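What the coordinates show
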Amino acid sequence: MSQKARKLFDALDLNADGSLTRAEVISALRSKGPTLAAQGDLPFWGVSDADASSALFDAANLDGDDVLTFEEFSREVDRRFGW
């Protein structure tokens, strides 16, 4: 699991509870995505609309509980973003 995944997870965890909801992922990528991309913490093509953010959430949420742990999130973003 990469350091970039940890930094991105922490940036998206708006309520700092150690997990991500779909709403957090969508909201945080909209509000923080361009800044994160400019800092090199997110590929520019990873900043997208609500549907793409929701699809990222679904791909990571393998157990179907509608909450992402860091491990679930990291596995998906490391694979998807090539970290």
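Look a little higher up for the structure.
Summarised in this report is the structure supplied together with it. (Residues numbered from 1 in each chain as written. Predicted model: local features only at pLDDT ≥ 70, side-chain atom pairs only at ≥ 80, totals over all residues. Heavy atoms only, no water.)

Before going further, it helps to spend a moment on helix α4 (residues 70-81). Residues separated by three or four positions in an α-helix point in the same direction, a consequence of the helix having 3.6 residues per turn. With 12 residues, α4 extends 16 Å between its outermost C-alpha atoms, agreeing within 8% with the 16 Å of an ideal straight helix rising 1.5 Å per residue. Among all positions of α4, only Phe70, Glu72, Phe73, Ser74, Glu76, Val77, Asp78 and Phe81 are buried. Close packing links the buried residues of α4 with α1 (3-12) and α3 (50-60). Looking one or two residues beyond α4, the residue adopting positive phi is Gly82, at roughly 70 degrees. (Helix = DSSP H or I, 4+ residues; strand = E, 2+ residues; numbered from the N terminus. Expected span 1.5 Å × (residues − 1). Buried < 20%, exposed > 50% of the residue type's maximum accessible area, 1.4 Å probe, protein only. Contact = heavy atoms within 4.5 Å.)

Between α1 and α4, the shortest axis-to-axis distance is 9 Å and the interhelical angle comes to 120 degrees. Relative to α4, the element α1 lies oblique. The handedness of the crossing between α1 and α4 comes out as right-handed. Every residue of α4 that contacts α1 at Ala5, Arg6, Leu8, Phe9 and Leu12 is listed here: Phe70, Phe73, Ser74, Val77, Asp78 and Phe81. The residue makeup of the contact of α1 with α4, split by class, is eight nonpolar, one polar and two charged. (Axes fitted to C-alpha atoms, helices over the stretch in contact; angles between N-to-C directions. Parallel < 35°, antiparallel > 145°, perpendicular 65-115°, else oblique. Left-handed = near helix turned anticlockwise from the far one by under 90°. Nonpolar A, V, L, I, M, F, W, Y, C, P; charged D, E, K, R; others polar.)

On inspection of all chains with the given rule, the structure shows five salt bridges. Lys7 is the salt-bridge partner of Asp41, the closest N and O atoms lying 3.2 Å from each other. With Asp41 in the loop between α2 (22-38) and α3 and Lys7 in helix α1, this pair connects stretches of sequence that are 34 residues apart. Under the relative-accessibility criterion, Asp41 is labelled buried at 7%. Residue Lys7 is classed as partly exposed on the basis of its relative accessible area of 46%. One salt bridge connects Glu76 with Arg80, and the closest N-O pair in it is separated by 3.1 Å. Separated by four residues within a single helix, Glu76 and Arg80 lie in helix α4, roughly one turn from each other. For Arg80, a relative accessible area of 30% translates into the label partly exposed. (Salt bridge = Lys/Arg side-chain N within 4 Å of Asp/Glu carboxyl O.)

Bringing the nonpolar core into the picture now. If you look at the biggest cluster of nonpolar residues, it comprises 19 residues, and the most contacted ones within it are Leu8, Leu12, Leu20 and Phe73. Of all the secondary-structure elements, those providing two or more residues to this core are α1, α2, α3 and α4. Sorting elements by how many residues they give to this core places α1 first, with five residues. Residues contacting Phe73, with those up to four places away along its chain left out, are Ala5, Leu8, Phe9, Leu12, Leu20, Ala60 and Leu68. (Core = buried A, V, L, I, M, F, W, Y, C linked by side-chain atoms within 4.5 Å.)

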